[in-house]
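# Secondary and tertiary structure notes
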Amino acid sequence: MGLKETSKYMSLILRHKPETIGITLDEHGWADVDELIEGISRTQNFNMDILEKIVRTDEKQRYSFNDDKTKIRANQGHSIEVDVELEEKEPPEILWHGTGEKFATSIDNIGLIPKSRLYVHLSKDAETATIVGRRHGKPVLYMVNTREMYKDGFKFFLSKNGVWLTKEVPVRYLEKQ
Ligand code: HQG
């Protein structure tokens, strides 16, 4: 398996299903590095060097080590209830959400909801949002009026790897492009 495939497998383990390799995450989303290495290396060539390389080179900077590199976690994107100590922050005036055409009718009716993840993911520019949207088919873009949301008391978080997160986006703050 290449580094990219291994990184995807790590996403599955560290965001959604640690039980796949028989490990657990703590309440802050940390996995034990030795356990992760042991679990993954049961099915593929994997060691600390490869893990460090993935953390360093992952194109979306999805993972962080703790200070002494005994623990590792995903920076965002979880479906399991963990608290990765996200930074609460005032968002820029607008943010973007990219999705697939097939979801647009439902989004226009009830707004953006996190579905299987803990948060709705927002992008800082239209280009990034288009790439995210393409993962779901023909991309559709929404501009999100984050300034109004923030004024109205909605909370925003910025993950370590630069993804903006919020719990939901009601229809009135969305503008389909
Ligand atoms: C859609 C990737 C119907 C939503 C990206 C999205 C991101 C609705 C899909 C991260 C809806 C969920 C997350 C509603 C929202 N009705 N559909 N009311 N509200 N949706 O994959 O945002 O490569 O869970 O629009 O870069 O696509 O994994 O979320 O299309 O940061 O690291 O439900 O995943 O990063 O899909 O992507 P996802 P997402 P990674």
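Keep in mind the model is a prediction, meaning the values are calculated, not measured.

Thresholds, definitions, all that
Residues numbered from 1 in each chain as written. Predicted model: local features only at pLDDT ≥ 70, side-chain atom pairs only at ≥ 80, totals over all residues. Heavy atoms only, no water. Pairing = 2+ DSSP bridges. Helix = DSSP H or I, 4+ residues; strand = E, 2+ residues; numbered from the N terminus. Contact = heavy atoms within 4.5 Å. Axes fitted to C-alpha atoms, helices over the stretch in contact; angles between N-to-C directions. Core = buried A, V, L, I, M, F, W, Y, C linked by side-chain atoms within 4.5 Å. Buried < 20%, exposed > 50% of the residue type's maximum accessible area, 1.4 Å probe, protein only. Near = heavy atom within 4 Å. Polar contact = N/O pair within 3.5 Å; in protein donor to acceptor, adjacent residues only side chain to side chain. Areas by Shrake-Rupley, 256 points an atom, 1.4 Å probe, with all protein chains shown as cover. Nonpolar A, V, L, I, M, F, W, Y, C, P; charged D, E, K, R; others polar. Domains from an automatic or database assignment. Arc of directions from axis to C-beta. Phe/Tyr/Trp six-rings, centres within 6.5 Å; stacked < 30°, edge-to-face > 60°. Lys NZ or Arg CZ within 6 Å of the ring centre and 35° of its normal.

## Quick look at the sheet that holds strand β3 (residues 71-74)
Ordered in space as β1-β3-β2, the 3 strands form an open sheet in which the pairing is antiparallel. Sheet topology places β1 (31-32) and β2 (63-65) at the edges, where each strand pairs with a single neighbour. In terms of strand pairing, β1 meets β3 through 2 bridges, oriented antiparallel. Within β3, the residue paired with Asp-32 across the bridge is Lys-71. Packed on one face of the sheet, helix α3 (residues 48-57) meets β2 and β3 and runs near 125 degrees to β2.

## Concerning the sheet that holds strand β4 (residues 87-88)
Taken in spatial order, the 4 strands of this open sheet run β4-β8-β9-β6, and their pairing is antiparallel. Where the open sheet ends on each side, the last strands, each with one partner, are β4 and β6 (120-122). Pairing between β4 and strand β8 (residues 157-158): 2 bridges, direction antiparallel. Bridged to Glu-88 within β8 is Phe-157.

## Quick word on the nonpolar core
Ranked by size, the top nonpolar core spans 21 residues in total, and within it Met-10, Leu-14, Leu-36, Leu-51 and Ile-72 carry the most contacts. Of all elements in the fold, only α1 (3-16), α2 (33-40), α3, β2 and β3 reach the threshold of two or more residues within this core. Other than its neighbours up to four places away in sequence, Leu-51 contacts Met-10, Val-33, Leu-36, Ile-37, Phe-46, Phe-65 and Ile-72. With 17 residues, the next largest nonpolar core counts Ala-104, Leu-112, Phe-154 and Leu-174 among its residues.

## Some points on the site of the ligand
Close contacts around the ligand come from 19 residues, with His-97, Thr-99, Ser-106, Arg-117 and His-136 the closest. The separation between an oxygen atom of the ligand and a polar side-chain atom of Thr-99 is 2.7 Å. One of the side-chain N or O atoms of His-121 is found 3.1 Å from an oxygen atom in the ligand. Isolated, the ligand exposes 790 Å² of accessible area, and the fraction of that covered by the protein chains is 89%. Those elements that provide at least two residues to the shell around the ligand are β5 (95-100) and α4 (104-110). For the shell around the ligand, the class distribution of residues is 6 nonpolar, 7 polar and 6 charged. Taken domain by domain, the shell around the ligand gets at least three of its residues from each of domain 1 (3-74) and domain 2 (87-176).

## Quick look at helix α5 (residues 126-134)
Those residues of α5 not exposed but buried are Ala-129, Thr-130 and Gly-133. For α5, the buried positions fall inside an angular range of 105 degrees around the axis, keeping them on one side. The exposed set on the far side of α5, more than 90 degrees from its buried face, consists of Glu-127, Ile-131 and Arg-134. Buried residues along α5 sit against β5 and β7 (139-144).

## What about the packing of aromatic side chains?
In the structure shown here, the tally under the stated rule is 2 aromatic pairs. Their ring planes at 75 degrees and their centres at 5.5 Å tell us that Phe-154 and Tyr-173 sit as a pair that is edge-to-face. Here Tyr-173 lies in the loop between β9 (164-166) and β10 (174-176) and Phe-154 lies in the loop between α6 (146-151) and β8, a separation of 19 residues in the sequence. By the burial criterion, Phe-154 is buried, and Tyr-173 matches it. Of note, Lys-115 hangs over the ring of Phe-103, and the distance from its end group to the ring centre comes to 3.7 Å.

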